[in-house]
Amino acid sequence: MVLNMDPFISVSLAIFLPFLLALTIPAVAKLIKYQVGWYATCVAILSFLLITSTAPSILYGKTLHQSIAWLPSMGIDYGIYADGLSTMFGIIVTGIGILIIFYSNAYMNKKEDLPRYYQWLLLFMGSMLGMVFSANTIMLFIFWELTSITSFMLIGYWRNKPESVYGATKSLLITASADLFMLVGFIILKSITGSFDIPTILNSSSLIQSVKGHELFLPTLLLIFIGAAAKSAQGPFYIWLPNAMEAPTPVSAFLHSATMVKAGIYLVARIHPIFSGTEAWFIIISGTGIITMLVAGFLAFRQTDIKALLAYSTISQLAYLMTMYGYTSYEEPGLGVAAATFHLLNHATFKACLFLVAGIVAHEAATRDLTRLGGLKREMPITFIIASIGALSMAGIPPLNGFLSKEMFYESSLQMGHVLGGIYVYLIPGLAVLGGIFTFAYSVKFVTAIFLGPRPNKGLPERIHDPSIIMIIPPAILAILIVLFGLIPSIPIDNLISPAVSSILMQSQELHVQLWHGLTTSLLMTMITFLFGILMYTKYDVIAHWQNNINHKYPFLSINYFYDAFVNNAKGIFTQISSRIQPGPIKRYVVSLLLLLILLFIIPILYLSADIIPQFNFNIHPYEALVFIFMIVAALGAATLPKYLQAVLSLSALGYLVALMFIYLSAPDLALTQVLVETLSTLIFIIAIMKIPQTFKESISKFTFLKDAIISITVASVVLLLMLNANQGIIPPFESLSYYFIEKSLSLAGGHNIVNVIIVDFRGYDTLGEISVMCLAALGVYNIIQSRGENQ
Amino acid sequence: MTTIITKMVARICLPLVILFSISLLLAGHNAPGGGFIGGVMFACIISLAYIAYGLEEIKKSYNPNWSSWFGFGLLLAAITAFSPLIFGHNFFRSAVEFLHLPIAGEIELVSAGVFDIGVYFVVIGSLLTIFKMAGEDQ
C-alpha cells in the first residue's frame, strides 16, 4: 500500500470519507441490494488504512498539528491534532468498526432497512474520528454532539419498538444536556487561556499553570467532567447505557462498549495535562470512578438479559479507566495513566468480543434471557471457546490481556494509597479488589449461564449450532488479539500504549510489562480476588434475589425512578401549558393577533398624530372608485352570505379586484402573483369545504356577534387611521430604497425586472429563507393531515 | 364540477400554461415573471387538471411525488447560493454571462436564474403537495 499523502490530508480524508460515502449508500443499495454492508466494510477499511498510513510517524513521537482558518474572528479553526493518544483511538475506532460492519452483514436481517443502518454506522465512525483528531475544543464539541446524534439514531433503529424509542430518547436527553455543561466549560477554559486550540494549551506550561491557579479552576473542571461522565455513563448518568442496549447488538458492541462510551475517557485523558496533579482532579475523577465501579459491578448481578449484564459490566469497566486516570501522584504520575490506557485497549477487545458473542447467542438461540439459556457448550463449541477467552480476560485470568491491565490497576491503586497515607493505604486497594471480585463473579456467570450446566428443554430451538463464518471471524480475531496481547504484551505496549501514554503525560515514556513479574503485592491481590470471586459466584443467585427484593420494596432507590418521574412530569406540565397557549380553534388565534395589532398601532398613532388632522384631499379616479365599490360589495358578501361556497367565492372576487388595482397602479408582477395565488387558494378552499356541510349550522349568540363586530370595526378603523396618517409626516421622510435598486439592477445583476432581481439577487438570502419556510409549510400540512388520519 | 367544458378547457390549457409558466420563469430576469409566479401558474394548471379529471384518474397516468420536487428545488437554490464560495467569492455572489449564438442571438446567462429555477421547483412542489394532500384527505 503506497500512501505517501500529507498526513493532514489523509487524516482529514479518514474523517470525511465516511460522511461522503454514507451519502452514496442508498444509491449503492439499489445496485447490490442487501450486499451493501460489504460496501460499508470497504469504507471502514479505507479509513483504517488512511489512519495507519500516518500512524508510524506519529507513534515515533512526531505529532501532527495543522489548522485551517475557519472562523478566525472567533479563534475557531478546523484543526487536526494527531498524537499517540488520538492515533490509538483512531486505530481502535476504525479497527473495531471494520469487524462490526463485517459482522453486521450476517447479523442483520436482509429485510431490514439496511441502507439506513449502514449510513448511520458510517456517520458515527466519521464523527468519532473527527472527535479524537480535533485540535480545537469547539470542533471537538461539534463532532462529540454528532456521535450523540448518530448513537440516538442507532439505538432507535427499530422505530416501532417503544423500548428502542425510550432508550434512544433517554440517551440523547442525558448526554446532550450534559454536553451543554461541557461547552460552557470549554468557553471558560478559552477565557482563561485565550485559546480554543488544545495543543496550544498543552504545550505551554505557563498557560497550564494559569489554569491551575485560576479561581475558576474547579468550575471549569467540573463542567467539562459532567460532559465526559455522561458520555461514559459514569456517576448518576450511568442510567442511559442499559437502556441503550435496545440497539442492534453490533451497534452495542461498537458504540456502547468499544468506542463511543470511551469518548468521555478520551476527553479526561486529553485534558489530563491541564488539570491533573491537583486534589480536585483526584477526588472528582477517581471518586466518581470508584463509586461507579462498585455500584455498577454490584448491580450487574441482578441482570438476566445478556446485554444488560454486559452493559453494567461496561459501566463498571469504564469506571476502572476513570479511576486510573484520576490517580495522580507527584511521585509517579505515569503508573495510573499507563494502566488506564492499556486497560482501555484491552477492554475494547474483550468487551466487543463478548458483545459479538451475545449477538451470536441471540441470533441462534432466539433469546437473550440468561435464565432460559444453558448447556450450549456442545452445540456451539467455537462460540464457547471465544466467549470463554473474552470473559476470562474480563475476569483477569492469566495469561490473557485483562490479567495484565488488572495487575497494573492494583499496582497503581496500591501506589496511590501509599502516597495518600493514613487509612487510604488499605482503603483504595481494598475497594479496587472489591471491584475486581464483582467483575470476576459476573464474568464467570456470563460463561456458565449460557454454555455450561443443563440445557433447558423449554423455550430453546431444537437445533442450535455455531453461526456462519461471517459472524465467527470478527469475535475470533478479537479473541486471538486477547491471547496475543496477554502472551506478548510488548506488541501493544511498544506500538500503541507507550506513544499514547507519552502524549498524555507530555514526556516520553518507556513502559515494560511482562506476563510474569514476580511475587508482588498486586499478584497477592489477584489471588484474593479469585478466591473471593469464586465465593461470591456461589452466592450469585442469592445476591441477585436480594437486589430484586430491595428494588421491589424501595423503587425510589434507583436513579431511573427519578429520571422517569422528571421526564413524565415535564411532559405533563408542558402539555398543559401548550394546551392553554394553543387551544385549537383558529378563531382565538386570529382574535389575539388582531388585538395585538390594535394595541401596537393605536398607541403610537394617537401619540404621534395628536396634533395632526388627517387631510382628506385625495383624487380618486372614477375607475378606481368603481373598483372600490365592487370591493366593498364583495367584502360584505363574504361576511354575510349564508353558504360556505358563496362566501368563499365572494372572498376570491375581492382578491381579483385587488389584482385589478395592482394593474391600475402599474405593478404587473404583483397583479399576476395576486391572480395566481388567489386562484390556487380558492381551489384549496373549495376542496376543503366540499367535505363539510354546506351551510353555516351553528347559530351565533348575540354576545359573540357583538364581540366579533367590535373587534372587526376596531381593526378596520385602526387600519384606516394608519392609512390616513401614513402620508402626514408621522414617519420622518427618508430616502427611498427603490432608487438604489433601480440604478444598480442592470449594472450589478444584469436584469431589467427589478422586482425579480431583488428577489433572486439582492435579497437572495431572504428568498432562500422564504422557500425553506415554504417547504416546511408543505411538510407541516403533510404531517397534520397524515397524523390526523392515524388518530382516527 | 367535471363537465365536458371544464375537461376540454383543462386539456387545451395544460400544455399552453405549462409552456407559459416556463417562459415566465426564464423571462423573469428582464420582464414580468420569475420563479415564484411561474411556479404558482404551474401549480394552478395541474390543480385544474386534478379537479377536472379527478385526482384518482390523473394519478393513474401521471403521479409524481411532488414533495421530492421541493426538496430538489431547495437543494438547487442552496447549491447556487453556496457555489460562489468554491470560487473564492462571497456567499450568494451572482455572475452574469452573455452568450452569442448564431441563430438565437444574444442569450443572457445569470447564475441568479438557476436560483430562480430552484424557487420554481420549491413553489410547485410545496403547493401541489398541499393541494394533493388536501384533496386525498377523507
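One numbering rule holds for all chains: residues counted from 1, following each sequence as written. Note on labels: chains are lettered from A, ligands numbered from 1, in written order. Since the coordinates come from a predicted model, pLDDT governs what is reported: local features require at least 70, and pairs of side-chain atoms require 80 or more to be given and counted, while whole-chain, interface and lining totals use all residues. Derived side-chain values reflect all non-hydrogen atoms in the structure, with water molecules and hydrogen atoms excluded from consideration.

1. Focus on the overall build of chain A
Within chain A, the regular secondary structure consists of 31 helices and 2 strands. Along the longest, intermediate and shortest principal axes, the C-alpha atoms of chain A span 110 × 65 × 55 Å. Any residue under 20% of the maximum accessible area for its type is buried, any over 50% is exposed, and the rest in between are partly exposed; the area is computed with a 1.4 Å probe on protein chains only. Per-residue burial over chain A gives 50% buried out of 792 residues. Long-range pairs, those at least 24 residues apart, make up 79% of the contacts in chain A between residues at least 6 apart in sequence. For the purpose of counting charges, residues Lys and Arg are taken to be positive, whereas Asp and Glu are taken to be negative. His and the chain ends are not included. Where a charge lies is defined by one atom per residue type, namely NZ (Lys), CZ (Arg), CG (Asp) and CD (Glu). Each charge sign in chain A was given a centre, from 40 positive and 38 negative side chains, and these centres are 13 Å apart. Working definition: helices are DSSP H or I runs of at least four residues, strands are E runs of at least two. Numbering for both runs from the N terminus. In what follows, a contact means two residues having at least one pair of non-hydrogen atoms within 4.5 Å.

2. Regarding the overall build of chain B
When helices and strands are counted, chain B shows 5 helices and 2 strands. Secondary structure elements in chain B, listed N-terminal to C-terminal, are α-α-α-α-β-β-α. For chain B, long-range pairs separated by at least 24 residues make up 65% of all intrachain contacts whose partners lie at least 6 apart in sequence. Of the roughly 7,200 Å² that chain B leaves accessible, carbon and sulfur atoms contribute 70%. Surface accessibility in these figures is a Shrake-Rupley result with a 1.4 Å probe; residues are shielded only by whichever protein chains are displayed.

3. Observations concerning the interface of chain B and chain A
Contact residues are listed per partner, giving 44 residues for chain B and 39 residues for chain A. A pair is scored as a salt bridge if a Lys or Arg side-chain nitrogen falls within 4 Å of a carboxyl oxygen belonging to Asp or Glu. Linking chain B with chain A are 0 salt bridges. By the criterion applied in these results, polar contacts are pairs of N or O atoms within 3.5 Å in which, for protein atoms, one can donate a hydrogen and the other can accept it, and in which residues neighboring in sequence qualify only through two side-chain atoms. For the interface between chain B and chain A, the tally reads 0 residue pairs in polar contact (both at pLDDT 80 or more). Elements represented by at least two residues in the side of chain B that touches chain A include exactly helix H2 (35-53), helix H4 (66-86), strand E2 (105-110) and helix H5 (111-136) of chain B. Looking at which element gives the most residues to the side of chain B that touches chain A, the answer is H5(B), with 14 residues. Residues are grouped as follows: Ala, Val, Leu, Ile, Met, Phe, Trp, Tyr, Cys and Pro are nonpolar; Asp, Glu, Lys and Arg are charged; every other residue, Gly included, is polar. Residue composition of the side of chain B that touches chain A, by class: 30 nonpolar, 11 polar and 3 charged.

4. Thoughts on the pattern of salt bridges
Residue and element names in this part refer to chain A. With the rule as written, the count across this model stands at 11 salt bridges over all chains. A salt bridge links Asp-83 to Arg-270; its shortest N-O distance comes to 2.9 Å. Of this pair, Asp-83 sits in the loop between strand E2 (76-82) and helix H3 (84-107) while Arg-270 sits in helix H12 (residues 263-275), and the two are 187 residues apart along the sequence. Of the two residues examined, Asp-83 and Arg-270, each falls in the buried class. Two residues, Glu-246 and Lys-161, come together in a salt bridge whose shortest N-O distance is 3.3 Å. Taken together, the positions of Glu-246 in the loop between helix H10 (240-243) and helix H11 (249-258) and Lys-161 in the loop between helix H5 (137-155) and helix H6 (162-193) put the pair 85 residues apart, joining distant regions of the chain. According to the relative accessible area criterion, Glu-246 is partly exposed, its value standing at 22%.

5. Let's talk about unusual backbone geometry
Residue and element names in this part refer to chain A. Residue Pro-399 follows Pro-398 across a cis peptide bond; omega there is 5 degrees. Secondary-structure assignment places Pro-399 in the loop between helix H16 (381-395) and helix H17 (401-420). You will see that Ala-366, though not glycine, has its phi angle at about 60 degrees, which is positive. Locating Ala-366 in the fold gives a position in the loop between helix H15 (334-365) and H16. For Ser-666, which is not a glycine, the phi torsion comes out positive at approximately 50 degrees. Within the element layout of this structure, Ser-666 appears in the loop between helix H26 (644-664) and helix H27 (668-689).

6. A short note on the confidence of the model for chain B
By definition, pLDDT measures how confident the predictor is in each residue, and it falls between 0 and 100. Averaged over all residues, the pLDDT of chain B equals 83, while 86% of them reach at least 70. Model confidence for the complex is summarised by a pTM of 0.79, with the ipTM given as 0.87.

7. With respect to the packing of aromatic side chains
Aromatic rings from Phe, Tyr and Trp, with only the six-membered ring used for Trp, were paired whenever their centres fell within 6.5 Å, and each pair was classed as stacked if the ring planes differed by under 30 degrees, edge-to-face if by over 60, and tilted otherwise. According to the stated counting rule, one finds 37 aromatic pairs over all chains in the structure shown. Here A:Phe440 and A:Phe530 contribute two aromatic rings whose centre-to-centre distance is 5.4 Å and whose plane-to-plane angle is 40 degrees, an arrangement assigned as tilted. One end of the pair, A:Phe440, is in helix H18 (residues 424-451); the other, A:Phe530, is in helix H21 (residues 521-538), and 90 residues separate them in sequence. Three or more aromatic residues joined by ring pairs form one cluster here, namely B:Phe42, B:Tyr62, B:Trp66, B:Trp69, B:Phe72, B:Tyr120 and B:Phe121.

8. Observations concerning helix H8 (residues 205-213) of chain A
Given 3.6 residues to a turn, an α-helix orients residues that are three or four positions apart in the same direction. Residue and element names in this part refer to chain A. Of the positions making up H8, those classed as buried are Leu-207, Ile-208 and Val-211. Angularly, the buried residues of H8 cover 100 degrees about the axis, an arc narrow enough to put them on a single face. Relative to its buried face, H8 has exposed residues pointing more than 90 degrees away, namely Ser-205, Ser-206, Gln-209 and Gly-213. It is the directions from the helix axis to the C-beta atoms whose arc is reported.

9. Observations regarding a nonpolar patch on the surface
What goes into a patch is any residue over 30% in relative accessible area without a salt bridge, connected to like charges within 9 Å or, for nonpolar side chains (Val, Leu, Ile, Met, Phe, Trp, Tyr), within 5 Å. On the surface, a nonpolar cluster with roughly 610 Å² of combined accessible area is contributed by B:Ile4, B:Ile5, B:Met8, B:Val9, B:Ile12 and B:Leu16. Relative to the helices and strands, B:Ile4 is located in helix H1 (residues 4-27).

10. Looking at the packing of H16(A) against helix H19 (residues 469-487) of chain A
Residue and element names in this part refer to chain A. At a closest axis distance of 10 Å, the pairing of H16 and H19 adopts a crossing angle of 40 degrees. With respect to H19, the element H16 is oriented oblique. Judged by the twist between their axes, the crossing of H16 over H19 is left-handed. Contacts from Ile-382, Thr-383, Ile-386, Ile-389, Gly-390 and Ser-393 of H16 reach H19 at Ile-472, Pro-475, Ala-476, Ala-479, Ile-482 and Val-483. Class assignment for the residues of the contact of H16 with H19 results in 9 nonpolar, 3 polar and no charged. Axis lines are fitted through C-alpha atoms, for helices just across the contact stretch, and the angle between N-to-C directions can take any value from 0 to 180 degrees. Comment on the angle field: the value is read as roughly parallel under 35 degrees, roughly antiparallel over 145, roughly perpendicular from 65 to 115, and oblique elsewhere. Take the far helix as your reference; a near helix turned counterclockwise from it by less than a right angle gives a left-handed crossing, and one turned clockwise gives a right-handed crossing.

11. Section: the packing of H3(A) against H15(A)
Any two packed helices are characterised by how steeply their axes cross, that is the angle between the axes, and by the distance between the axes. All names here are of chain A. It is the contact of H3 with H15, at a shortest axis distance of 12 Å, that shows an interaxial angle of 5 degrees. Overall, the two elements H3 and H15 adopt an arrangement that is roughly parallel. Contacts between H3 and H15 involve Met-88, Phe-89, Ile-92, Ile-96, Ile-100, Tyr-103, Ala-106 and Tyr-107 on the former and, on the latter, Thr-341, Leu-344, Leu-345, Ala-348, Ala-352, Leu-356, Gly-359, Ile-360 and His-363. Among the residues forming the contact of H3 with H15, the class breakdown is 14 nonpolar, 3 polar and no charged.

12. Re the environment of A:Tyr78
Residue and element names in this part refer to chain A. The topology assignment puts Tyr-78 in strand E2. Accessibility expressed as a relative area gives 16% for Tyr-78, which makes it buried. For the pair Tyr-78 and Phe-628, spaced 550 residues apart in sequence, the C-alpha to C-alpha distance is 62 Å. In contact with Tyr-78, other than residues within four places in its own chain, are Phe-8, Ser-12, Phe-16, Gln-66, Ser-67, Ile-68, Trp-70 and Met-139. At 2.9 Å, the side chain of Tyr-78 forms a polar contact with the side chain of Ser-12.

13. Observations concerning the state of the cysteines
Disulfides are defined as cysteine sulfur pairs within 2.5 Å. Tallied over the entire structure, the rule returns 0 disulfides over all chains. No disulfide involves A:Cys775; its sulfur sits 18 Å from that of B:Cys44, the nearest cysteine. No disulfide involves B:Cys13; its sulfur sits 12 Å from that of B:Cys44, the nearest cysteine. By relative accessible area, B:Cys13 is classed as partly exposed at 26%.

14. Here's the deal with the environment of A:Lys262
Residues and elements named next belong to chain A. If you trace the backbone, Lys-262 turns up in the loop between H11 and H12. Residues Lys-262 and Leu-321 lie 59 residues apart in sequence; the distance between their C-alpha atoms is 9.2 Å. Among residues more than four places away in sequence, those in contact with Lys-262 are Phe-89, Ser-232, Ser-257, Leu-318, Leu-321, Leu-344, His-347 and Ala-348. One polar contact links the side chain of Lys-262 to the main-chain carbonyl oxygen of Ser-257, over a distance of 3.1 Å.

15. Some points on the side chain of A:Ser393
Mapped onto the secondary structure, A:Ser393 falls in helix H16. If we skip the residues at most four places from it in the chain, A:Ser393 touches A:Phe350, A:Leu400, A:Asn401, A:Gly402, A:Phe403 and A:Ile482.

16. Some remarks on the pairing of strand E1 (residues 64-71) of chain A
Residue and element names in this part refer to chain A. Here E1 pairs with E2 via 7 bridges, running antiparallel. Within the sheet, the bridge partner assigned to Ile-68 lies in E2 and is Tyr-78. Each pair of strands is called paired provided DSSP finds at least two bridges between the two strands. Between E1 and E2, which pair antiparallel one after the other, the connecting turn spans 4 residues, and Gly-75 there sits at a positive phi close to 75 degrees.

17. Points about the nonpolar core
We define the nonpolar core as a collection of buried residues of types Ala, Val, Leu, Ile, Met, Phe, Trp, Tyr and Cys that are connected through side-chain atoms lying within 4.5 Å of one another. By size, the foremost hydrophobic cluster in this structure holds 201 residues, and its most contacted members are A:Phe275 and A:Phe446. Every residue in contact with A:Phe446, bar those within four places of it in the chain, is listed here: A:Ile306, A:Leu309, A:Leu310, A:Leu354, A:Val357, A:Ala387 and A:Ala391. Core analysis: the next-biggest nonpolar cluster, separate from the first, contains 43 residues, A:Leu683, A:Val760, A:Leu768 and B:Ile51 among them.

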